Amino acid sequence: MSGFAAPLVCLALAVPAFAQTPALIAVNQGDATASVISPASARQTATIAEDVTGVHAHEAAVSPDGRTLYLPVYGSTGVGKPGLDGHEMLVVDLPSRKIIHRVDFGHGVRPHCVIYDRNSGLLYVTTELDEAVTVIDPKTLQIVAKIPTGQPQSHMLALTHDGKRGYTANVGPGTVSVLDMVAHKTLAVIPISGETQRISISPDDSMVFTSDQIKPRLAVIDTTTNKVKTWVALPGTGYGTASTHDGHWLLVAVPKAGEVAVVNLRTLKVERTIAVPSAPQEVLVRPDGRVAYVSCNASGKVAAIDLATWKVESLISAGPGADGLAWAK
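This section reports on the structure supplied with the text. (Residues numbered from 1 in each chain as written. Predicted model: local features only at pLDDT ≥ 70, side-chain atom pairs only at ≥ 80, totals over all residues. Heavy atoms only, no water.)

1. Considering the sheet that holds strand β16 (residues 185-191)
Then step 1. Sheet architecture is open: 4 strands sit in the order β13-β14-β15-β16, paired in antiparallel fashion. The open sheet has two edge strands, β13 (154-159) and β16, and neither has a second partner. Neighbouring strand axes in the sheet, compared pairwise and without regard to direction, differ in orientation by 25° on average.
Then step 2. One ladder, built from 5 bridges, connects β13 with strand β14 (residues 165-170); its direction is antiparallel. When the sheet's bridge partners are listed, Leu-157 is paired in β14 with Thr-168. (Pairing = 2+ DSSP bridges. Helix = DSSP H or I, 4+ residues; strand = E, 2+ residues; numbered from the N terminus. Axes fitted to C-alpha atoms, helices over the stretch in contact; angles between N-to-C directions.)

Put into structure tokens, the structure is as follows:
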């Protein structure tokens, strides 16, 4: 615990300002909403109700044109815990902030992480209870394929920058599955620990990172060998991660410590920590590379970290249980 062609709505008249203005989306587990946040004012400007009962979304993705939001509705609980199993993904028109479609997976699958792959033009959604990544055509909103992970609890997904390889963090088994996203098959399963969480990939695709949930350390996977090449000691159990665009730094959320650890990717050591509100979850680096946003679950805040000064420049009020983050245009 750590990333977008709207087929159904095309307005020919005046385009709402939202469609032209970048926004940060935060998914709030506590009240089943998504916050629309202005990065310029560092304020929540709107909320989108998921219109569900007893279940909620955890993660989100946005179409490349910034007009469509995708919200897989995971269920009522956390990974591996008993509860209601989500079976659909909400499709939201962002300018109007209205749900315009629901993709039904046909049965409870606990859909979680969603990625819009700009290379293939496809949506990938982890569907844990199917032990697969489900492939959706965003133009038709039809399920077109499933990629087996060979493991239960495939919770999060990271893609190489050409979209050809995928890596899933399989929580309960404590493994990472390596996927051929083109041939739709599992290439390898990498043992990590008794339990692992979240996953990300370096800008040059050479390393994949996932947080051990048994010991306070980060696994660094060599994507050439598909083996753990080293471990990075952390100040507490890690969660979501994200690299800076220059490939020099990796930010790691450390929930129990209420901080973000900054790992030097040249030395693979923690160089500094940054205090943030309780239970940081996910890290998203803004497209311009200047700011990293960190969702802080317990406080419902999003911390904005200036990557030049390594200081928290603002704390943005989102909603209860703020978790998944996505960038809109």
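What follows picks up the thread again.
2. A short note on the nonpolar core
Then step 1. Residues Tyr-124, Ile-147, Leu-157, Tyr-167, Val-176 and Ile-199 are the most contacted members of the largest nonpolar core, which totals 25 residues.
Then step 2. Top contributing element to this core by residue count: β13, with 4 residues.
Then step 3. Setting aside residues up to four positions removed in sequence, Ile-147 forms contacts with Tyr-124, Glu-131, Ala-132, Val-133, Val-135, Leu-179, Asp-180, Met-181, His-184 and Lys-185. (Core = buried A, V, L, I, M, F, W, Y, C linked by side-chain atoms within 4.5 Å. Buried < 20%, exposed > 50% of the residue type's maximum accessible area, 1.4 Å probe, protein only. Contact = heavy atoms within 4.5 Å.)

3. Notes on the pairing of strand β27 (residues 301-306)
Then step 1. By the bridge criterion, 6 bridges tie strand β26 (residues 291-296) to β27 in an arrangement that is antiparallel. Each bridged residue has a counterpart across the sheet, and for Cys-296 the counterpart in β27 is Lys-301.
Then step 2. Where β26 folds back onto β27 in an antiparallel hairpin, the turn is made up of 4 residues, including Gly-300, whose phi is positive at roughly 70°.
Then step 3. Two strands pair when backbone bridges link them, and β27 and strand β28 (residues 311-317) are joined in this way by 6 bridges, in the antiparallel orientation.

4. A closer look at the sheet that holds β27
Within a sheet, each strand pairs with its neighbour through backbone hydrogen bonds, oriented either parallel or antiparallel.
Then step 1. Ordered by their spatial adjacency, 4 strands build an open sheet running β25-β26-β27-β28, and the pairing between neighbours is antiparallel. Two strands in the sheet have a free side with no partner beyond their single neighbour: β25 (280-285) and β28. Taken pair by pair, the neighbouring strands of this sheet meet at an average axis angle of 25°, ignoring direction.

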